[in-house]
Amino acid sequence: MVLTPIGVCSLVFAAIIKHNLAETGKIVAMFTLSVIIGLVLHFSVTYPTLIAAFAKRNPVTYVANIVPALLTAFGTSSSAAALPVNTRCCIDHNGISPSIAKFVLSLGATINMDGTGLYLICAGYFLGTLEGVEFDFGMFATMAVLAMLCSLGTAPVPSASLVLLATIMTSVGIPVTEKFGYIYAVDWLLDRLRTVVNVSGDAAVTAVIDKQYGDGGDDDGLGDSDGESSSDAGNAS
């Protein structure tokens, strides 16, 4: 861990030194901007629509209630680290059934990686373009399928998707060269943003499942049982 910053700086420096610094900064900035735009659109359009249409909830209020989980995700770059906070916010602030929240969020922290899937495609296309690779529909389709499958197996820890990115690039014929260092230069920021998207996606799906199969936030129905028991006792007397 002590030598990690030195290794990352060496990869980035090796990639930049062979190209014009201004041109390199411009293309990396464009890549970063494109990923951020995609993540923002997914976060602000797809998830609110899902919550409003299928969960019948106010998406603004719902997302506002899970802000602590999103901040934890941004600060730690880990869906696993944000899981306890996300679970607590969904149960205490959004009234999700505890059994559904614990199951769906735990599962989602492992396999629901929408932000990662989007990032893998953008990064693969970016590096392929730099290497002069010409993309066709078949390559995009292959990258989309591989990104979906690889994102399901991504560990919920910081920068875990970089290993899978190299796998996707090799599968579609994109050479892995020193230009891969460009990704390291900005991954610290993009990793945090895509983790926020992943965590918010977990919460959005949880709301939909709770709408379909939830019990209205009651933990185990003891309140109803007590009510019925009181009513029966009153009738007996």
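Bear in mind the structure is a predicted one, so any value in this text is a computation, not a measurement.

Asker: A description of a nonpolar patch on the surface should follow, citing residues and the corresponding values.
Answerer: Judged by side-chain polarity, F103, L107, I111, V145, M148, L149 and L152 come together as a nonpolar surface patch covering roughly 650 Å² of accessible area. Mapped onto the nonpolar patch, the elements with two or more residues apiece are α6 (98-111) and α8 (137-152). In terms of residues, the nonpolar patch owes the most to one element, α8, which gives four residues. Using a relative accessible area of 49% as the deciding quantity, one classes M148 as partly exposed.

Asker: Pulling in residues and values, what's your account of unusual backbone geometry?
Answerer: Located in the positive-phi region is K56, a residue other than glycine, with phi close to 55 degrees. Here K56 lies in the loop between α2 (21-54) and α3 (59-65). Using a relative accessible area of 57% as the deciding quantity, one classes K56 as exposed. Non-glycine residue S77 carries a positive phi angle of around 60 degrees. With respect to the helices and strands, S77 occurs in the loop between α4 (67-76) and α5 (79-92).

Asker: Before we move on, could you go through the UniProt feature "transmembrane region" (unreviewed entry) in the protein and cite the residues and values that matter?
Answerer: Mapped onto the present numbering, the UniProt feature "transmembrane region" (unreviewed entry) falls on residues 30-55, 62-83, 103-127 and 139-157. As a span, residues 30-55 carries 96% helix and 0% strand, and end to end its C-alpha atoms are 36 Å apart. The distance separating the terminal C-alpha atoms of residues 62-83 is 17 Å; by composition the span is 86% helix and 0% strand.

Asker: Could you give an account of the packing of aromatic side chains, naming the residues involved and the relevant values?
Answerer: Evaluation of the coordinates by the stated rule reveals six aromatic pairs. Ring centres of F31 and F126 lie 4.6 Å apart, and the angle between their planes is 20 degrees; on these two criteria the pair is classed as stacked. Of this pair, F31 sits in helix α2 while F126 is found in helix α7 (residues 114-130), placing the two residues 95 residues apart along the sequence. Each member of the pair F31 and F126 is classed as buried. One aromatic cluster is present, built from ring pairs that chain together F31, Y119 and F126.

Asker: Lay out α8 in plain terms, naming residues and giving numbers.
Answerer: With 16 residues, α8 should reach 22 Å at 1.5 Å per residue; the first-to-last C-alpha distance of 23 Å fits that figure. For α8, the complete set of buried residues consists of M139, M143, A147, C150 and S151. An end-on view of α8 places all buried positions within 90 degrees of arc, on one side of the element. On its buried face, α8 is in contact with α6, α7 and α9 (161-171). Its side-chain oxygen 3.3 Å from the backbone nitrogen of G138, D136 forms the N-cap of α8.

Asker: So what's going on with the side chain of D187? Which residues, and what values?
Answerer: Assignment of secondary structure puts D187 in helix α10 (residues 181-213). Under the relative-accessibility criterion, D187 is labelled buried at 2%. A distance of 3.0 Å separates polar atoms of two side chains, one belonging to D187 and the other to Y119. Apart from residues lying up to four places away in sequence, D187 is in contact with Y119, S159, L162 and R194.

Asker: Residues and numbers for the pattern of salt bridges, please.
Answerer: With the rule as written, the count across this model stands at four salt bridges. R57 serves as the salt-bridge partner of D210, at 3.5 Å between the closest nitrogen and oxygen. One end of the pair, D210, is in helix α10; the other, R57, is in the loop between α2 and α3, with 153 residues separating them in the sequence. Judged by relative accessible area, R57 falls into the partly exposed class, the value being 24%. We note a salt bridge from R194 to D187, for which the minimum N-O separation is 3.1 Å. If you follow the salt bridges from partner to partner, you end up with D187, D191 and R194 in one network.

How each quantity is defined
Residues numbered from 1 in each chain as written. Predicted model: local features only at pLDDT ≥ 70, side-chain atom pairs only at ≥ 80, totals over all residues. Heavy atoms only, no water. Patch = residues over 30% accessible without salt bridge, like charges linked within 9 Å, V, L, I, M, F, W, Y side chains within 5 Å. Areas by Shrake-Rupley, 256 points an atom, 1.4 Å probe, with all protein chains shown as cover. Salt bridge = Lys/Arg side-chain N within 4 Å of Asp/Glu carboxyl O. Helix = DSSP H or I, 4+ residues; strand = E, 2+ residues; numbered from the N terminus. Buried < 20%, exposed > 50% of the residue type's maximum accessible area, 1.4 Å probe, protein only. UniProt positions renumbered as here; feature names shortened; annotations may be inferred. Phe/Tyr/Trp six-rings, centres within 6.5 Å; stacked < 30°, edge-to-face > 60°. Expected span 1.5 Å × (residues − 1). Arc of directions from axis to C-beta. Contact = heavy atoms within 4.5 Å. Polar contact = N/O pair within 3.5 Å; in protein donor to acceptor, adjacent residues only side chain to side chain.

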